[in-house]
Amino acid sequence: EHDLAFIAMDYLEGSSLDAYTRRETLLPVDEVLDVCAQVAEALAYAHGQRVIHRDVKPANIIYDRSHGSVKITDFGIACLTDNNRTRTGTILGTPAFMSPEQVSGKDVDGRSDLFALGVTLYQLLTAELPFTADTMAGLVYQITQTRHQSLSELRPELGPLVALIVNKALEKEADKRYQTGTEMAKALRDCAIALKRSPR
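Note that the coordinates shown come from a computational prediction; the quantities given were computed from them, not determined experimentally. (Residues numbered from 1 in each chain as written. Predicted model: local features only at pLDDT ≥ 70, side-chain atom pairs only at ≥ 80, totals over all residues. Heavy atoms only, no water.)

Enquirer: Just to check I follow, could you spell out helix H6 (residues 160–169) for this structure?
Expert: Three- or four-residue spacings in an α-helix give side chains the same orientation, since the helix completes a turn every 3.6 residues. Looking only at H6, the buried set comprises Val162, Ala163, Ile165, Val166 and Ala169. Viewed end-on, H6 has its buried residues packed into an arc of 160°, placing them on one side of the element. Summarising the geometry of H6, the exposed residues directed more than 90 degrees from the buried face are Pro160 and Leu164. Here the buried face of H6 lies against helix H3 (110–126), helix H5 (151–154) and helix H7 (181–197). (Buried < 20%, exposed > 50% of the residue type's maximum accessible area, 1.4 Å probe, protein only. Helix = DSSP H or I, 4+ residues; strand = E, 2+ residues; numbered from the N terminus. Arc of directions from axis to C-beta. Contact = heavy atoms within 4.5 Å.)

Enquirer: In this structure, what is going on with the pairing of strand E3 (residues 61–64)? I would like to understand it.
Expert: For a regular strand, side-chain orientation follows a simple rule: the groups alternate between the two sheet faces. Of the two faces of E3, the one holding Ile61 and Tyr63 and the one holding Ile62 and Asp64 are both buried throughout. Direction of pairing for strand E1 (residues 15–16) relative to E3: antiparallel, over a ladder of two bridges. In the sheet register, Ser15 faces E3, and the bridge partner there is Tyr63. With four bridges connecting them, E3 and strand E4 (residues 69–72) associate as antiparallel partners. Looking across to E4, one finds that Tyr63 is bridged to Val70. Counted along the chain from E3 to the antiparallel partner E4, the turn is four residues long, and its residue Gly68 has a positive phi close to 70°. (Pairing = 2+ DSSP bridges.)

Enquirer: What's the story with the packing of aromatic side chains in this structure? I'm lost.
Expert: In this description, a pair of aromatic rings is defined by centroid distance and the angle of the planes. Scanning all chains against the criterion turns up two aromatic pairs. With 6.2 Å between their ring centres and 75° between their planes, Tyr20 and Tyr63 make a pair best called edge-to-face. Here the residue Tyr20 occupies a position in the loop between E1 and helix H1 (29–48), and Tyr63 occupies one in strand E3, the gap between them amounting to 43 residues. Side by side, Tyr20 and Tyr63 carry an identical accessibility label, which is buried. Centroid distance Phe115 to Phe131: 6.2 Å. Interplanar angle 10°. Geometry classified as stacked. Here the residue Phe115 occupies a position in helix H3, and Phe131 occupies one in the loop between H3 and helix H4 (136–145), the gap between them amounting to 16 residues. Take Phe115 and Phe131: they sit in the same class, and that class is buried. (Phe/Tyr/Trp six-rings, centres within 6.5 Å; stacked < 30°, edge-to-face > 60°.)

Enquirer: How should I be thinking about the pattern of salt bridges in this particular structure?
Expert: Pairing between side chains of opposite charge can happen when their charged atoms approach one another. Applying the stated criterion across every chain yields a total of 13 salt bridges. Close ionic contact of Arg111 with Asp109 constitutes a salt bridge, the shortest N to O distance being 2.8 Å. In this structure Arg111 comes out as buried when scored by relative accessible area, which is 16%. A salt bridge links Asp175 to Arg111, with the nearest nitrogen and oxygen atoms 2.7 Å apart. In this pair, Asp175 sits in the loop between H6 and H7 while Arg111 sits in helix H3, placing the two residues 64 residues apart along the sequence. Relative accessible area serves as the criterion here: at 62%, Asp175 is assigned to the exposed category. What you see here is one network of salt bridges that share partners, running through Asp34, Glu41 and Arg189. (Salt bridge = Lys/Arg side-chain N within 4 Å of Asp/Glu carboxyl O.)

Enquirer: So what exactly am I meant to see when it comes to the environment of Lys196 here?
Expert: Position of Lys196 among the secondary structure elements: in helix H7. Using a relative accessible area of 65% as the deciding quantity, one classes Lys196 as exposed. Sequence separation between Lys196 and Gly118 is 78 residues; the distance between their C-alpha atoms is 22 Å.

Enquirer: Just checking my understanding: could you explain the confidence of the model for the protein chain for this structure?
Expert: Averaged over all residues, the pLDDT of the protein chain equals 91, while 90% of them reach at least 70. Contacts for the low-pLDDT stretch residues 83–89, under 50 throughout, to residues beyond four places or in other chains number eight contacts. (pLDDT = per-residue confidence, 0-100.)

Enquirer: Help me out: how do you make sense of the nonpolar core in this one?
Expert: Across soluble globular proteins, nonpolar side chains have a tendency to be buried as a group. In this structure, Leu33, Leu117, Leu121, Leu125, Leu151, Met184 and Leu188 are the most contacted members of the largest nonpolar core, which totals 49 residues. Broken down by secondary-structure element, the contributors of at least two residues to this core are H1, E3, E4, H3, H4, H6 and H7. (Core = buried A, V, L, I, M, F, W, Y, C linked by side-chain atoms within 4.5 Å.)

Enquirer: Help me understand the state of the cysteines, please; the structure alone is not making it clear to me.
Expert: Counted according to the given criterion, the structure contains zero disulfides. Of the cysteine sulfurs around Cys36, a residue in no disulfide, the closest is that of Cys191, at 11 Å. Its relative accessible area of 3% is what places Cys191 among the buried residues. (Disulfide = S-S within 2.5 Å.)

Okay, here's the thing in structure tokens:
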């Protein structure tokens, strides 16, 4: 307009989930499960439109606690899954949150986003990343070859159900992970219900 190019976007209330990744600021478990279920449902919608985000992480998720609403932001490196010009062989995204196939520069699909959501879930529950290393090569090895530290070791009070969801989301092979965001969201919501029913 008037020779000025601009993008008009919604104003989002709240803050990024980065604010809740430190030990002293971790959210209650049921809240984490709800937030991640909302993200999984949003990803299911995006994947249904053949869009893969490729950079799911706490910094790209805005959470308004007063309304309980969640928004995924920064689709800057998202791609259409049927686009023949996808950049195979190029690593795009934030390394610590990448799936094994993504960090290896292979073709990715929606299950790669769900792996990244699994990393996000792990960090929101433990204030730690499941895979860390001093070098990119070391990180690639961790993500592709080694198992993350068990949630039951870091937070045994969470019980086995939460650990099962994290473990499935972080499977090295995409075929062993949740296949859709809808499936992962249901697991998270069912887990939240089960935790409310279980005696403390």
